[in-house]
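What follows is the residue order along each chain.
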Amino acid sequence: MEKKEAEQKPLDDSNSTHKSDTSLVDKPAAAATDMAITSIPSTLLPQPSWFTAKRLLAVFCVINLINYVDRGTIASNGVNGKRRTCKPNGTCSSGSGIQGEFNLNNFQDGVISSAFMVGLLVASPIFASFAKRVNPFRLIGVGLTVWTIAVVGCGFSFNFWFIAICRMLVGVGEASFISLAAPFIDDNAPVAQKTAWLGTFYMCIPTGIAVGYVYGGLVGDHLNWRWAFWIEALLMLPFAVLGLVMKPLQLKGFSHLGSKKPLTSPLSAYPEEAVSNCSNGLLPTREDSKDGSKGAPSNLNDLTRFWKDLKMLHLEKIYVINVLGYIAYNFVIGAYSYWGPKAGYNIYHMKNADMMFGGVTVISGIFGTLAGGFVLDRMTSTIPNAFKLLSVATFLGAIFCFAAFCFKSLYVFIPLFAIGELLVFATQGPVNYVCLHCVKPSLRPLAMAMSTVSIHLFGDVPSSPLVGVVQDHINNWRVTALILTAILFIASGIWFIGIFLHSVDRFDEDSEDQISDAERSKSQPLLKGKSSEQIEVSIESS
């Protein structure tokens, strides 16, 4: 009997045979093993969590929604306001909102709206790196606490520089959640619904921004722009407290209860360690990795480790292709969200361009994001299938959006553009599925962080000013919109390449005690396990 078969075979005297080194231990030895494991203090064993998989998804969706409500709020007319204006006779209006109160020019106002991106880009890889040393759930709690304090600071701002710094700290707080939330959801989603759960999570992006526009307008008109931030902080506070005080959850591929070393199995943190030295009745610390080599020295420089992980990440061709396509995609989406209403007003003379573009984006975003996740799950969630869906959906979406801008009639433009955006937003679930499954679990937080940094740094951050330069040069919004939309064909082509690359789903790569998809789908949610359940182990006789 091979070693692998011996490990998978249950302890059963009626079926087991005593062979050489590969046979299972006898009953007295097994009993001694059980006694050693049960001698571990109960406080050190995994304890039940209030969270179930569905509760985790619901909580993370609400947090994500609040994050993006804040982004919509800072851009809304009720909060952002307008600057002071003076008439030729010397009479000046007081202005409104942030811009009016601090008398900001348009450049300063733009900095206020995008300052959070600085904190997000800097802090995302830092939080991802710390996930190897600190429980990731605790890091989310720390990040949400920073976010809450920073948003309160926005409400108490007294000049441009103070609110700009607070907005940067908002990005720092959001970075922990953006990097770590998706791996938690992917860990706990049912096997047949992983992409649908990711799609549900990312559906909160367009929904939150649209709600933020409305929320900011209502609060700004009826109370004061400062109250918009204070109410946001009040809504986020319970989740920050939850992340700090509740039993920390375990992320697949990372150490449990404060250990600095990644585990090979998130489902069996202590059983795996307890077996190695159970004959001594002591709780051991594993020094060897699954290939038998010694673990990294505890004094290994964190920066060196970060660069090593970053190098491993960028040597993964599937990951690189996925992110390159995502950058091109986000370049277009970012410019759409910023210039879309103005282009619509100039091309089609829309009276309520903000409301019209916002409404189309919300409806298409919700249905498109959910549909993309469900379709990939029905196709069977694999990396090649994800690339097929990414390429086809983006290509068809580009055709509809391109055709929409070719027509002069507003009544033809709206339905064509809505269908195009629905298809384009269908990529949200699949693109993040590939990002999570093409790398081993211990690299997933860094993969999500670097994906976020890349799509913003090379995507939506430069796209708005570059589109502005193009428009200033050709002075034709229809042609500018067509040039921008054509970049979606590039994104589709990049993702098309991914179909033909050799891919391996690395979801269980760090796990020695792998569980089949069928067993995982039938099992209780990871976060609902009972500490009182008996731990079954298989030991090789020496």
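Treat the numbers as computed from the prediction; the structure is a model and nothing was measured.

Conventions used here
Residues numbered from 1 in each chain as written. Predicted model: local features only at pLDDT ≥ 70, side-chain atom pairs only at ≥ 80, totals over all residues. Heavy atoms only, no water. Helix = DSSP H or I, 4+ residues; strand = E, 2+ residues; numbered from the N terminus. Buried < 20%, exposed > 50% of the residue type's maximum accessible area, 1.4 Å probe, protein only. Contact = heavy atoms within 4.5 Å. Areas by Shrake-Rupley, 256 points an atom, 1.4 Å probe, with all protein chains shown as cover. Polar contact = N/O pair within 3.5 Å; in protein donor to acceptor, adjacent residues only side chain to side chain. pLDDT = per-residue confidence, 0-100. Salt bridge = Lys/Arg side-chain N within 4 Å of Asp/Glu carboxyl O. Disulfide = S-S within 2.5 Å. Axes fitted to C-alpha atoms, helices over the stretch in contact; angles between N-to-C directions. Parallel < 35°, antiparallel > 145°, perpendicular 65-115°, else oblique. Left-handed = near helix turned anticlockwise from the far one by under 90°. Nonpolar A, V, L, I, M, F, W, Y, C, P; charged D, E, K, R; others polar. Patch = residues over 30% accessible without salt bridge, like charges linked within 9 Å, V, L, I, M, F, W, Y side chains within 5 Å. Expected span 1.5 Å × (residues − 1). Bend = angle between axes of the 7 residues up to and from the residue. Core = buried A, V, L, I, M, F, W, Y, C linked by side-chain atoms within 4.5 Å. Domains from an automatic or database assignment. Phe/Tyr/Trp six-rings, centres within 6.5 Å; stacked < 30°, edge-to-face > 60°.

**A few points about the overall build of the protein**
Right, so step 1: The helix and strand tally for the protein stands at 22 helices and zero strands.
Right, so step 2: Considering the protein as a whole, with its 542 residues, one finds that 51% of them fall into the buried category.
Right, so step 3: Across the protein, the fraction of contacts at a sequence separation of at least 24, relative to all contacts at a separation of at least 6, is 77%.
Right, so step 4: Carbon and sulfur atoms make up 64% of the accessible area of the protein, which totals about 25,600 Å².

**Topic: the side chain of asparagine 67**
Right, so step 1: For asparagine 67, the position within the fold is in helix α3 (residues 53-75).
Right, so step 2: Given the relative accessible area of 0%, asparagine 67 is considered buried.
Right, so step 3: Engagement of the side chain of asparagine 67 in a polar contact is seen with the side chain of tryptophan 147, the distance being 3.1 Å.
Right, so step 4: Leaving out residues up to four positions away in the same chain, asparagine 67 has contacts with Trp147, Glu174, Phe177 and Met236.

**As for the confidence of the model for the protein**
Right, so step 1: Per-residue confidence for the protein gives a mean pLDDT of 74, with 72% of residues at or over 70.
Right, so step 2: Low pLDDT (under 50) marks residues 1-48, which in the prediction has 65 contacts with non-local residues, meaning those over four places away or in another chain.
Right, so step 3: Across residues 256-299, where pLDDT falls below 50, the model places 87 contacts with residues more than four positions away in sequence or in other chains.

**With respect to unusual backbone geometry**
Right, so step 1: Located in the positive-phi region is threonine 380, a residue other than glycine, with phi close to 85 degrees.
Right, so step 2: Checked against the element boundaries, threonine 380 lands in the loop between α16 (353-379) and α17 (383-406).
Right, so step 3: Notably, asparagine 475 is not glycine yet its phi reads approximately 55 degrees, a positive angle.
Right, so step 4: Here asparagine 475 lies in the loop between α20 (444-474) and α21 (477-499).
Right, so step 5: Judged by relative accessible area, asparagine 475 falls into the exposed class, the value being 65%.

**Let's talk about the environment of tryptophan 161**
Right, so step 1: The residue tryptophan 161 is located in helix α9 (residues 160-188) in this model.
Right, so step 2: Linking tryptophan 161 and glutamine 108, residues 53 residues apart in sequence, is a C-alpha distance of 9.6 Å.

**Topic: the pattern of salt bridges**
Side chains that differ in sign of charge can pair as their charged atoms come close.
Right, so step 1: Enumeration according to the criterion identifies four salt bridges in this entry.
Right, so step 2: Note that arginine 444 is salt-bridged to aspartate 186, the shortest N-O span being 3.2 Å. Within this pair, whereas arginine 444 is found in helix α20, its partner aspartate 186 is found in helix α9, the two being separated by 258 residues in sequence.
Right, so step 3: Classification of arginine 444 by relative accessible area gives buried; the value is 1%.
Right, so step 4: The class for aspartate 186 is buried, based on a relative accessible area of 0%.

**As for the state of the cysteines**
Right, so step 1: Tallied over the entire structure, the rule returns zero disulfides.
Right, so step 2: No disulfide involves cysteine 154; its sulfur sits 4.9 Å from the nearest other cysteine sulfur, which is in cysteine 166.
Right, so step 3: Cysteine 435 takes part in no disulfide bond, and the closest cysteine sulfur, belonging to cysteine 438, lies 6.1 Å away.
Right, so step 4: The class of cysteine 435 is buried, set by a relative accessible area of 1%.

**Brief notes about the packing of helix α19 (residues 428-437) against α20**
Right, so step 1: Running from N to C, α19 and α20 point in directions that differ by 135 degrees, and their axes come no closer than 8 Å. Considering their axes alone, α19 and α20 lie oblique with respect to each other. Crossing of α19 over α20 shows right-handed handedness. For the pair α19 and α20, the contacting residues are Asn432, Cys435 and Leu436 in the first and Arg444, Ala447, Met448 and Ser451 in the second.
Right, so step 2: Residue classes in the contact of α19 with α20 are distributed as four nonpolar, two polar and one charged.

**Quick look at the side chain of serine 454**
Right, so step 1: Mapped onto the elements, serine 454 comes out in helix α20.
Right, so step 2: Residues contacting serine 454, with those up to four places away along its chain left out, are Val323, Ile327 and Gly459.

**Section: a nonpolar patch on the surface**
Right, so step 1: Taken together, the side chains of Val118, Val122, Ile126, Phe130, Val134 and Met168 define a hydrophobic patch exposed on the protein surface, amounting to about 470 Å² of accessible area.
Right, so step 2: Per-element tally for the nonpolar patch: the top contributor is helix α7 (residues 116-130), with four residues.
Right, so step 3: Looking at the element boundaries, valine 122 is found in helix α7.

**Regarding helix α12 (residues 225-245)**
Right, so step 1: With 21 residues, α12 should reach 30 Å at 1.5 Å per residue; the first-to-last C-alpha distance of 32 Å fits that figure.
Right, so step 2: Of all the bends in α12, the greatest reaches close to 35 degrees and is centred on methionine 236; the proline proline 238 follows between one and four positions later.
Right, so step 3: Of the residues making up α12, those classed as buried are Trp225, Arg226, Ala228, Phe229, Glu232, Ala233, Met236, Phe239, Ala240 and Gly243.
Right, so step 4: Buried-residue contacts for α12 involve α3, α4 (77-80), α5 (97-102), α8 (136-155), α9 and α11 (204-222).
Right, so step 5: The opening residue of α12 is asparagine 224, an N-cap whose side-chain oxygen sits 2.9 Å from the backbone nitrogen of arginine 226.

**Looking at the nonpolar core**
Right, so step 1: Core analysis: the largest hydrophobic core is formed by 124 residues, its most contacted members being Phe60, Ile98, Tyr319, Tyr329, Phe387 and Phe417.
Right, so step 2: In terms of residue count, the dominant contributor to this core is helix α15 (residues 317-348) (17 residues).
Right, so step 3: Both domains that furnish three or more residues to this core are identified here as domain 1 (52-83 + 96-251) and domain 2 (313-506).
Right, so step 4: Excluding anything up to four places from it in sequence, phenylalanine 417 contacts Tyr336, Phe357, Val360, Cys401, Ala404 and Phe405.

**Let's talk about helix α18 (residues 410-425)**
Right, so step 1: A rise of 1.5 Å per residue sets the reference length of α18, with its 16 residues, at 22 Å; its end C-alpha atoms lie 22 Å apart and thus fit the reference within 8%.
Right, so step 2: Among all positions of α18, only Phe413, Leu416, Phe417, Gly420, Glu421, Leu423, Val424 and Phe425 are buried.
Right, so step 3: Where α18 begins, one side-chain oxygen reaches toward the backbone nitrogen of tyrosine 411, 3.3 Å away; that side chain belongs to serine 409.

**Brief notes about the packing of aromatic side chains**
Right, so step 1: Enumeration over the complete set of coordinates arrives at 22 aromatic pairs.
Right, so step 2: With a centroid separation of 5.4 Å and 80 degrees between ring planes, the pair formed by phenylalanine 60 and phenylalanine 177 is classed as edge-to-face. In this pair, phenylalanine 60 is assigned in helix α3 and phenylalanine 177 in helix α9, connecting sequence segments 117 residues apart. Of the two residues, phenylalanine 60 and phenylalanine 177, both sit in the buried class.

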